[in-house]
Amino acid sequence: MIILRNSEELKIWIKSNKNSGKTIGFVPTMGALHEGHISLVRKSNSENDVTIVSVFVNPTQFNNPDDLKKYPRTEEADTRLLEQAGVDVVFIPTVETIYPEGEMSKKFDFKGIENQMEGKFRPGHFDGVATVVGKFFEMVQPDRAYFGEKDFQQLRIIQELVNQNDLPLQIVPVPIMREPNGLAMSSRNTRLSPEMRKESPKIYQILQEAHEFLKSHSIQETKEFVTNAFSKTKLKLEYFEVADESTLESVLDYTETKKIRGFIAVFADDIRLIDNISLN
Ligand code: AMP
């Protein structure tokens, strides 16, 4: 596995692989890697000649400076894990390499998708995500790029970015990887206190119960069920939304023809965790 840190080296490597007709799979990450990330790598390995993983904690997508400061950084463990997973190149640029003109996001219009849920609670977040992913796509020129359904709204944003700009690559969604207790794997889980480690599996348990509950109740009643369930835990519910998978608009009347998903954000002390579940 090769570790590259500057864009010139990356350019040369990409050019030589493109010239020899190799297909490139790309997995963008912010490091502190776990099995969830590795599931994206495995899928990329199986569908492309070479796989590039980027490890970059993108400052422009953090609306909370403390969250950025405390974001776990574990480069040595990450590169070991990626090497074992059979990655060809890991690209670890500096902030200056990605933002030579300063840390600024472009402004995007994703037909309202960017204003729902995470967009509402993390202003500017998706402008930061789309800015950095757009830059990476230009640099890496992948044939396929892999995104986890764990960040379902992010996945939809990136699909829109590709559609709106007619980018010549395929976005491949990858299902959520969970701990045996159901907690969605996340880099932030390493920061959970022992008490919150015990509490946080309730997020997925309540999502599954909500799925069952919805079979015989309205969406409004299901939302109340979820709010009530969290009031009995040590977790603090930020939002629970039932939304259309395509537009991500809130759904109040469920019809069989719509694909809907439950989306949730929860605080475990000061650590913000998100998850989602298909409700069809
Ligand atoms: P991050 O490093 O958190 O920015 O995540 C990088 C990529 O890995 C994103 O596409 C995430 O959606 C994906 N990812 C993170 N956690 C998981 C998980 N538990 N299951 C599947 N994909 C994940």
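Look a little higher up for the structure.
Residues numbered from 1 in each chain as written. Predicted model: local features only at pLDDT ≥ 70, side-chain atom pairs only at ≥ 80, totals over all residues. Heavy atoms only, no water.

> Quick question: what am I supposed to make of helix α11 (residues 219–231) here?
Since there are 3.6 residues in each turn of an α-helix, residues three or four apart along the chain are aligned in direction. The first and last C-alpha atoms of α11 sit 19 Å apart over 13 residues, in line with the 18 Å expected at 1.5 Å per residue. Buried within α11 are the following residues: I219, T222, K223, V226, A229 and F230. Buried residues of α11, seen end-on, are gathered within an arc of 125° and therefore sit on one face of the element. Summarising the contacts, the buried residues of α11 are in contact with α10 (202–214), β7 (236–244) and β8 (260–268). (Helix = DSSP H or I, 4+ residues; strand = E, 2+ residues; numbered from the N terminus. Expected span 1.5 Å × (residues − 1). Buried < 20%, exposed > 50% of the residue type's maximum accessible area, 1.4 Å probe, protein only. Arc of directions from axis to C-beta. Contact = heavy atoms within 4.5 Å.)

> Can you help me understand the nonpolar core in this one?
When a protein is soluble and globular, its nonpolar side chains tend to lie buried together. Ranked by size, the top nonpolar core spans 41 residues in total, and within it I52, V133, F137, F147 and I171 carry the most contacts. The leading source of residues in this core is helix α7 (residues 125–140), at 8 residues. Aside from chain neighbours lying at most four places away, what touches F147 is P28, L40, V133, F137, Q154, L155, I158, I171, V172, P173 and V174. Core analysis: the next-biggest nonpolar cluster, separate from the first, contains 25 residues, I219, L235, I264 and A268 among them. (Core = buried A, V, L, I, M, F, W, Y, C linked by side-chain atoms within 4.5 Å.)

> In this structure, what is going on with the site of the ligand? I would like to understand it.
Close contacts around the ligand come from 17 residues, with H37, G148, D151, M177 and M185 the closest. Between the ligand and the protein, one listed contact pairs an oxygen atom with a side-chain N or O atom of D151 at 2.6 Å. M177 has a polar backbone atom sitting 2.9 Å from a nitrogen atom of the ligand. Those elements that provide at least two residues to the shell around the ligand are β2 (24–29), α2 (35–47) and β5 (144–148). With 3 residues, α2 is the single largest residue contributor to the shell around the ligand. Partitioned by chemical class, the residues of the shell around the ligand number 9 nonpolar, 6 polar and 2 charged. (Near = heavy atom within 4 Å. Polar contact = N/O pair within 3.5 Å; in protein donor to acceptor, adjacent residues only side chain to side chain. Nonpolar A, V, L, I, M, F, W, Y, C, P; charged D, E, K, R; others polar.)

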